[in-house]
Every structure is written in C-alpha cells, then in structure tokens.
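Structural overview
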Amino acid sequence: MKKNTFTPPTAVESYFLERSGLDFRYEPDEKIPVVQVNNFPLLGQLTALRFLEWVQNNPGGVVSLPTGKTPEYFIRYAEHYLKTWNDEQTRQLLHKVGIDSMKKPILQDLQFVQIDEFFPISPSQQNSFYDYVMKYYIKGFGINAERAQLIDATKIPMPGCRSLAEIFPDLVVDLRLRFEQPKTTLGRLQKEAIERVDEFCSEYECRIREKGGIGFFLGGIGPDGHIAFNVRGSDYFSTTRLTPTNFETQAAAASDLGGIDVAQKRLVITIGLQTITNNPKATAIIFAAGEAKAKIVASAIQEEGSNIRPAGVLHTLPNARFYITAGAAVFLDRRQEHELISAGSVSRNLIDQHLITLSMRSRTPILNLSNQQVEEKIVPKAALKRGDENLDQVKKRIHKELIAKLNRGLDRIEDEVFLHTAPHHDDIMLGYLAHIVHLVRTPKNTHHFAYMTSGFNAVTNDFVKDQIQHALGYMETRQYDRLKDEGYFNADNLMGAQRDIYTYLDGVANHSASHRYKGSSRRLIRNLLVLFPECTLEDLPEKMHELILYLDSRYPGQKDEPLMQKLKGRIREWEADLVWAHYGTPITNVHHLRLGFYKGDIFTEDPTMDRDVQPILEYMEQIRPTVVTLALDPEASGPDTHYKVLQAVAEAIRLYKEKHPEASLRVWGYRNVWFRFQPSDANIFVPVSLNSMAIMRETFRHCFQSQVAAPFPSHEYRGPFSELAQAIQVQQHQDMKQVMGRDFWYENEHPRIRAAKGLVYIKEMELEEFYTRARELQKVTETQG
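In this text the structure is predicted, and so the values were computed from the model without any measurement.

It is worth spelling out the overall build of the protein chain at this point. In terms of regular secondary structure, the protein chain is built from 30 helices and 16 strands. Taken over C-alpha atoms, the radius of gyration comes to 28 Å for the protein chain, in line with the 28 Å a tight globule of 785 residues would show. Within the protein chain, buried positions represent 60% of all 785 residues. Across the protein chain, contacts joining residues at least 24 apart in sequence account for 78% of those joining residues at least 6 apart. Carbon and sulfur atoms form 48% of the exposed surface of the protein chain, whose accessible area is close to 32300 Å². Averaging the locations of the 94 positively and 100 negatively charged side chains of the protein chain gives two centres separated by 3 Å.

Within the open sheet, the three strands sit side by side as S4-S7-S6. Their pairing is antiparallel. Looking along the sheet, the strands with just one partner apiece sit at the ends: strand S4 (116-119) and strand S6 (241-243). In this sheet, adjacent strand axes meet at a mean angle of 25° when their direction is disregarded. The pairing of S4 with strand S7 (residues 267-270) spans four bridges and is classified as antiparallel. Of the residues in S7, the one forming a bridge with phenylalanine 119 is leucine 267.

Next up on the list: the environment of alanine 253. By secondary structure assignment, the location of alanine 253 is in helix H8 (residues 247-257). Residues alanine 253 and tyrosine 132 lie 121 residues apart in sequence; the distance between their C-alpha atoms is 14 Å.

Along the chain, serine 454 turns up in the loop between strand S11 (446-451) and helix H18 (461-474). For serine 454, a relative accessible area of 13% translates into the label buried. Separated by 117 residues in the primary sequence, serine 454 and isoleucine 571 place their C-alpha atoms 9.1 Å from one another. Among all residues touching serine 454, those that are not within four sequence positions of it are His425, Gly569, Arg572, Arg594 and Tyr598.

This brings us to the sheet that holds strand S13 (residues 627-631). Read across the sheet, seven strands follow the order S12-S11-S10-S13-S14-S16-S15 without closing on themselves; strand pairing throughout is mixed. Each end of this open sheet is capped by a strand with a single partner; those strands are strand S12 (590-592) and strand S15 (684-689). On average, each strand axis in the sheet is inclined to that of its neighbour by 25°, with strand direction left out of account. Two elements, S15 and strand S16 (residues 756-765), share six bridges in a ladder whose sense is antiparallel. The residue of S16 that forms the bridge with serine 689 is alanine 756. Of the strands in this sheet, S15 and S16 are in contact with helix H16 (residues 391-410), which crosses S15 at around 65°. Helix H27 (residues 721-740) rests against S15 and S16 of the sheet, and its axis sits at about 90° to S16.

Let us look at the layout of surface pockets. Taken as a whole, the second largest pocket encloses approximately 420 Å³ of empty space. Along the walls of the second largest pocket sit 18 residues, with Ala497, Arg523, Arg570, Asp577 and Ile587 positioned nearest its centre. Elements with a contribution of two residues or more to the lining of the second largest pocket: helix H20 (494-509), helix H21 (513-531), helix H23 (562-581) and S12. Here the residues of the lining of the second largest pocket are counted per class, giving seven nonpolar, five polar and six charged.

Here the focus is the packing of aromatic side chains. Under the criterion given, the structure shown has 33 aromatic pairs. Among the aromatic residues, ring-to-ring pairing joins Phe51, Trp54, Phe74, Phe112, Tyr132, Tyr136, Tyr137, Phe141, Phe216 and Phe603 into one connected group. Directly above the aromatic system of tyrosine 488 lies the positively charged group of arginine 526, at a separation of 4.8 Å from the ring centroid.

So, about empty space enclosed by the protein. All chains considered together, the criterion is met by five cavities of 30 Å³ or more. Around the largest cavity sit 15 residues that line it, and Gly431, Arg671, Asn672, Ile728 and Gln732 are the ones nearest its centre. Looking at the lining of the largest cavity, the elements with two or more residues in it are helix H17 (427-439), H27 and S16. Residue contributions to the lining of the largest cavity peak at four residues, all from H27.

Thresholds, definitions, all that
Residues numbered from 1 in each chain as written. Predicted model: local features only at pLDDT ≥ 70, side-chain atom pairs only at ≥ 80, totals over all residues. Heavy atoms only, no water. Helix = DSSP H or I, 4+ residues; strand = E, 2+ residues; numbered from the N terminus. Rg over C-alpha atoms; globule rule 2.2 N^0.38 Å. Buried < 20%, exposed > 50% of the residue type's maximum accessible area, 1.4 Å probe, protein only. Contact = heavy atoms within 4.5 Å. Areas by Shrake-Rupley, 256 points an atom, 1.4 Å probe, with all protein chains shown as cover. Lys, Arg positive; Asp, Glu negative; His and termini not counted. Charge placed at Lys NZ, Arg CZ, Asp CG, Glu CD. Pairing = 2+ DSSP bridges. Axes fitted to C-alpha atoms, helices over the stretch in contact; angles between N-to-C directions. 1 Å grid on protein atoms, 1.4 Å probe; cavity = no way out; pocket = protein on both sides within 12 Å on 5 of 7 lines; lining within 4 Å. Points joined across faces, edges and corners; volume = space filled by probe spheres on them. Nonpolar A, V, L, I, M, F, W, Y, C, P; charged D, E, K, R; others polar. Phe/Tyr/Trp six-rings, centres within 6.5 Å; stacked < 30°, edge-to-face > 60°. Lys NZ or Arg CZ within 6 Å of the ring centre and 35° of its normal.

Next comes the structure, spelled out in structure tokens:
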C-alpha cells in the first residue's frame, strides 16, 4: 500500500504530546501518528480542543462527528469552552494550547455530514443517530440544520407513496432482493424500495463530493475495527451504501436498539471508507479509550492496511491520527518501551507483567525463559533493564509470588464482614462467585450485597410483558385467592417476600416451571402494589393490562417512563435476591440502593454527594464492613456505570474511614466479562473447578431469567454472560499453565489446584493503594474546572 508522509502535529496536538512525554509516531512500527493521554475525560478534552482549532482555521468547513457513548466528554468539553470562551480561565487554557482566544469558532456555518444510521428506523426515535445528531450537534453545537446533510430514510420516496413500515412490516430488509425477481406484490415493492435507498446513497455520496469531501472526520473504532459502519472486510474504495453488519457490531448496538434480536434485523446506511479519505486534506481522527479497545487499536495502528482492518485506510491520509488513552495503548510496543526507558522509576509489578506476558506468548514456563528470548522482545528487554534483579532472580521471584497468590485464593477466611458491591445485578456472580461459594461455607463470616443501580436497561419489553401475563394467569388460581385473604401481599409482609424466593427455589429444586412461575408472579404482584399504591389487588389486573398496552406501544430501545424503569429494575433486583438465597442469605442482607445518577440516558450523569454517596455511606455505617468488594475499572472503556459507581463507592469509603480511623477495612477489586486483570496486577488467584463452573452456569440460568437469552451480549461471545465468564476463567487458567508449567497443576499436593480448570483474579488493596486508583468524586466532572 502506498505510504504518505504525515503532517506535523498541530499546536493542540503538540501541547498534549509534550504533556505525555511521548513521540507523535514510533516508526516503523506505527503506521499512523498517535496522541496519547492518561484517561477518558482528557481524551474528550483533546478531541474538543483539536476540533475547535480546526473550525477556527476552516470556517464553514465540512465536518462529520460521531454518535454513541464515546463522544461524551468531547461534547461536554466543546460546549464548555464555547460557553466560557471569554472567561479568563478558558482564555488562559486556549493560549496554552495555541488557539487564538480572540477568534471564537463559528459552528453555525459548518456543513455537517451524518456518518451513518440504522435502517429502517424512524428519525423521531430517540435511539436513532438522526435524533442524536439533532440533539447534540445541530441544537447543542448550534450548527445550522439547513447546512446539514442528514440521513432520514422516511424522506426517501417509497413506491406507491407507502411508508417504510408498510413496505417492510416486520422491519426486516432482505438485500437478496437486489438480485432476485420477487413473485409477490410485497416482494416487488420491497425490491423497488431497496433500489430507491441505493439511489439515495449514491446521491448522498455525490453531495459530499460536491462539497469537496469531508474536511474533519471524528469517529470511534468498533470491536471488530469498524470505522463508521464499515465493518471488518469492507473495501477501502467503498462509498455510501446500504449494508448489513456483523455480530460484533450488532452486539455493540444491541443496547441502543433494544436487544440483539432487533440489532440483527437492522441494516445500516453508512458513508464508505473512500468517502472519509476522498479529500486528501481531510483531518481524520479515530479516538479510543480503555484496555478493552487495546488489541483492536494496536492492530489498526501497527499492522499493514487490509480489508480486515478498516482503519488501515487512514495510513495514506496525511492528516490522519489516532487519539487514545493509556489503557488503549498497552499493546503498542514502542510506546511501552519508551515509557519504561523514560520513567523515573519502574515498579516490580510492571516488570513482572511484561515477563509474564512474554512467558504466555512464547508458551514458555517462566522458570525456563532464556536471556535470548528476553533480548528478542523490546518491551520485556527494556523492563528487565529497569529493575535491580537479573533474569534468574526475577523468574524465581515471580514463580514464588504466583504460588503465594494461589495460596491466598485457598486460604480459609473467617470473622469478616463483607460488603459486596456491584454496578449491575450479575456483576458479582460473574466476577467471583467461585470464591464466594467457599466464603459462605463458614457461619463466622457475614455477607451483605449492595447493588448500586436499578439495571433496568438490561430488561426487554418482551420479557416484562411475559412476566405480567404469567402473573395474570396466577391471579386466576385458588392459591392466589387464599394468599390474598391472608394478607400475603401486604407491603410490610417481609416473610411473604422471603417466601416468594423459597417458592421459586423449590421450583428449581423440583425441576418445576410452574413453581418458579408462582414465585416470580408473587414477587411481581408485590412490586406492582408498591409501585402503584393507589391500586388494590382487585383492580390491579386492570393496571397490568394497561402496562401491557404501554409495552406494545413502545419501540425497542425507547427510554421508558420512570415507573416502568422502576418495574424493570425490581425485576433485576428479584433476580439478585434469588442468587444469594442459594447460599442462605436473607433478603435483609441484599440491599438495592438504586442510585439516582442511573437514569437510562445515553450519557450517564456523574455521581453526587447527597444523592449517590450518602446512601452507600449510611449502609456502611449500618453494617460496619471489614472487606468492601467493587468492580475495579480505573480508566473505563467509555462513560459506563462501572466507572461512575467506582467513584461513588471510593468517596463513601474515604468518608467512612475519616469517621472511623480505627476501623479495619480493605478493598477487593474484581473484574468480569468487561474488564480483565493482568496476572501481575491481581494478588489473589482463586482456583475454579468444573463443579464451580456448573454452579455459576446453573445459578445464572435459573436466577437471571431476563438474561438467559443474552439480549445484550458481549461482542466477544454469542451467548449468555455466564458462558463468557467461564471462557475467561478457563483462559486465565490456561495462561497460568503456560507460565507455571502444567506439572505444577497436575501434580500439585492440593486437590483444589489439581481440580482447577479456571482461575478468578482478585486485587486486594489497602485503602491508600485504592485511593491512588480511583479519582476523588469532586474531580470527576472535569469539564467544570
């Protein structure tokens, strides 16, 4: 592929490069320049300032800006700077980064080009990209709508003046009709409709080229490496078109569209890779955050361009860049080498990480690594040189410490009060259920479980409708009439709520679906009476039918009314209650905090002291924990709830410790299907047997009924999260078999190590170490400072 010389960094890029201490590009490994920042909010600041710099130098230019969750801080920073342009603090920053503060960019004159859109979808839907563009860029940034080129498929003239819903009644578009001669009237209408959409795409492309092409393109990178909706395998000469996507892309879109079943039926209209690069002077920026994107980022930056790497098309564009966080850069070897060489000091943990990685990649036990193997790899070589031990000493120490980590995972722990916290209701069991199974076996430990959000976004409308219909059927039974007369459903009947759980679990034990439905129906009726206090049991069925009508009126992915959010949240809470009842935990020890920052918006609010931190602190005061567990995501791969829950829990711990300095308290960090520890970062390795895997699989299947069909799957796995969690644990065990040698496992004296087929990693931290990993709450909203 032809290679171009890239333009030098701009003033804004130079400012951030200087702050990072890293080069613009490490040749020959990196095929495209990179600007690296420490965290996700800084990534937003960098992109916002670069955008404003470009607009200032290109008034009236053609811009394409991204949709989704990654642009959160880009949008917030851009709006903040535009709003405070004449404030002294903003002017000082603009001067620092080389932007002329005397010339405010005029966004109104920009020519906006929408990058992509689902098809078919109504532009009035809140989950359409058209709606996103109108909300954040046309109205939010003040770009003139008349100068915007948008994708609104409802304005494409359809045959017979019919609507898209009439032509595609099930909203499924079969592109095979492009090449077939349909025999039905509907089929012929659909074929003609597809042809008209294809014509729209060609005209859309032509209009972009008439503008001179895109001048400023900002986009994310998908789990398969897609740019816009140009998925893996897209032609570098592709233009605007109607096209299907792949599973990874559909899984990523499932949360927006209301589930994977909907996402798999949707096609997309997307600009092509050539559309992005057609203007040779175009500034094209791909931004990515977090370790979850690290492998795909490394492939896009370091590998030669080819159709399986869509971002490789940017290797020939002089003004193309990648803007990434430190987490997204972990597989960029030259950058890792540079940081090792230039760092004032290098921790043993980091040295160990690179040597363990070498051991895994070379399939060589750590004790058998040779000096030649280390010398041949630039990162381990640089890491070893920064330590005060020779290779033989490091290998022996690592091996000894790995054994110690395993022993900690086998230790019998007693006389502890655990506060297990989670952003979502399945996070704990997916993260470290295999350890909890052993911790609950002694009555000398006390366990409390606190769920921070309602988790309603994970429950589909169809599932709720199914639950209501089962409950209506149960209300026709004699047993229901008897319980109603007993006052079983009274709001203050705590034992009744506990019996809901016992009834359901009896059904699990007896393989009785009817018993399970009895338990879940009872709990649903109880929840409805709480949510609708004006209703009695006599008129509750009418309300339930109203809810069914409400659900039927909603499109998949539409933000629900607050009461439906609460109902979906209580369904998730019921599922979590069932999990811990397996181990004798009463519902009084399972606490649902329903923190207020979680509202179902595309950009999750930041936690606040009174609304979000105080409830956690009050719960800690009540139970006086000695161990607090939490989902440890210190950087985030996006503006997700894991990261923001971490801030709230961290602040609550800090305040609790201030009030009780004498309290013994430590933190356990866990990760599950979204984020993974490096073996060197975790210090507790819990062996997972086939029996423990079966427990997790069956517990998930029976308790998390709303998730069994995997309506919102990971892009890595087509199936329920329990199976993905198992696959991760198995891989971690395989990695350690490589590092420690299989004989260590197969011939070990301890039966749990011999029986292990998986590993769970946990990071135990004293409070000071934890504080260094979690930014304080008041520093989260960085756009305001």
